[in-house]
Amino acid sequence: MAKEKDPNSWKYWQFFWRSWAIQASWNYERQMNMGFMYGIAPVLDNIYKNSEDGQLKKEAYQRHMIYYNCTPQTSAFVLGLSASMEEQYYEDRENFNPETINAVKTSLMGPLSGIGDSFFQGTIRVLAFGLGINLARQGNILGPILAMVISFVPSFVVTYYGGKLGYTMGNKYLTKLYEEGLMDRVMYVCSIVGLMVIGSMIASMIGLETPIHFGETFVLQDVLDDILPQMLSLAATFIMYWLIKKKVSTGWLLTICIVGGVVFSVLGILN
């Protein structure tokens, strides 16, 4: 027996494709609000398709033009949930408060951004392109290909099924995560994994070494490696982090790296 096609599948694909463009239009006042409006517009047009619903449609458009900022991949969940709530409001306007829609959106932006940024920006992207760069440095064509595949597959799964889950299941699962205290654990685990990956990238990609030695018996780099491998790379990273915390501009950071690298190399301090 053939499986019936889900009549709402077109909505899931709208959430999927349009969430990828959610950062295409930014503004300082409301940030990603226009991208969110673009993502939910097809569903709103379908809900308020009758000519007599013009005022309600206008109100819905205005409702979703408020401030919004969230990780693009996890935004599909918010799009799906908001679309589902808009349909509920249209069916029961007397008992459904439309302000609840924006209240739910606002409450989801923080935790979903925390999880999404830690997972996609802090873990997947660093892992994918770190591995890709290492392969590319060896002349392997799989470097850029693998980087793109590793980045795309998790994003595809989370974006598509996140929109579908948000639309079909509502906020039941997030409520459960909050009640059982699992949301903080998920964010904590993502942070640990992200820091581990960044630490490994420091060791494998910076690679600072010193040629200083005294005679043939004392080689400073060997001593440092016995104490802590890649100590100089870690120290350089901490210096850059300290400068960033001191609000040093990107231009100055680049100047320090370039000039410092040239000077220390000429003086024979660093390779």
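If you're wondering where the values come from, they're calculated on a predicted model, not measured in any experiment.

Caption draft 1: Just the side chain of Ser155, in detail. Here Ser155 lies in helix α6 (residues 142–169). A relative accessible area of 5% means that Ser155 is categorised as buried. Not counting the four nearest positions on each side in its chain, Ser155 is found in contact with Trp20, Gln73 and Phe120.

Caption draft 2: Fine view of the confidence of the model for the chain. Averaged over every residue, the pLDDT of the chain is 82; residues scoring 70 or more account for 88%. When mean pLDDT is compared element by element in the chain, helix α2 (residues 33–47) scores highest at 91, while helix α7 (residues 172–179) scores lowest at 53.

Caption draft 3: Spatial organisation of the packing of aromatic side chains. Counted under the stated rule, the structure contains 19 aromatic pairs. Centre to centre, the rings of Phe15 and Tyr167 are 6.3 Å apart; their planes meet at 40°, and the pair counts as tilted. Here the residue Phe15 occupies a position in helix α1 (residues 9–19), and Tyr167 occupies one in helix α6, the gap between them amounting to 152 residues. Here Tyr167 falls in the buried class, since its relative accessible area comes to 10%. For the pair Phe16 and Tyr160, a centre-to-centre distance of 6.5 Å together with 70° between the ring planes defines the contact as edge-to-face. Taken as a pair, Phe16 in helix α1 and Tyr160 in helix α6 lie far apart in primary sequence, 144 residues in all. Of the two residues examined, Phe16 and Tyr160, each falls in the buried class. Members of the aromatic cluster, connected to one another through ring pairs, are Tyr12, Trp13, Phe15, Phe16, Trp17, Trp20, Phe152, Phe156, Tyr160, Tyr161 and Tyr167.

Caption draft 4: Geometry of helix α11 (residues 250–266). Compared with an ideal rise of 1.5 Å per residue, which puts 17 residues at 24 Å, α11 spans 24 Å between its outermost C-alpha atoms and is within 8% of the ideal. Just past α11, the residue Gly268 takes up positive phi, approximately 75°.

Caption draft 5: The arrangement of the nonpolar core in detail. Phe36, Ile40, Tyr48, Tyr68 and Leu108 are the most contacted members of the largest nonpolar core, which totals 32 residues. Residue assignment for this core shows that the elements contributing at least two residues are α1, α2, α3 (54–63), α4 (72–91), α5 (99–137) and α6. The residues contacting Ile40, other than those within four sequence positions of it, are His64, Leu79, Ser82 and Ala83.

Caption draft 6: Representation of the environment of Trp10. In this fold, Trp10 is placed in helix α1. For Trp10 and Val43, which are 33 residues apart along the polypeptide, the C-alpha to C-alpha distance reads 9.6 Å. When sequence neighbours within four positions are dropped, the list of residues in contact with Trp10 reads Pro42, Val43 and Asn46.

Caption draft 7: Broad picture of the UniProt feature "transmembrane region" (unreviewed entry) in the chain. UniProt records the feature "transmembrane region" (unreviewed entry) at residues 141–162, 186–207, 227–244 and 251–270, using the numbering of this structure. In residues 141–162, the share of helix is 95% and the share of strand is 0%. The end C-alpha atoms are 32 Å apart. For residues 251–270, the end-to-end C-alpha separation is 23 Å, with 80% helix and 0% strand making up the annotated structure.

The rules behind the values
- Residues numbered from 1 in each chain as written.
- Predicted model: local features only at pLDDT ≥ 70, side-chain atom pairs only at ≥ 80, totals over all residues.
- Heavy atoms only, no water.
- Helix = DSSP H or I, 4+ residues; strand = E, 2+ residues; numbered from the N terminus.
- Buried < 20%, exposed > 50% of the residue type's maximum accessible area, 1.4 Å probe, protein only.
- Contact = heavy atoms within 4.5 Å.
- pLDDT = per-residue confidence, 0-100.
- Phe/Tyr/Trp six-rings, centres within 6.5 Å; stacked < 30°, edge-to-face > 60°.
- Expected span 1.5 Å × (residues − 1).
- Core = buried A, V, L, I, M, F, W, Y, C linked by side-chain atoms within 4.5 Å.
- UniProt positions renumbered as here; feature names shortened; annotations may be inferred.

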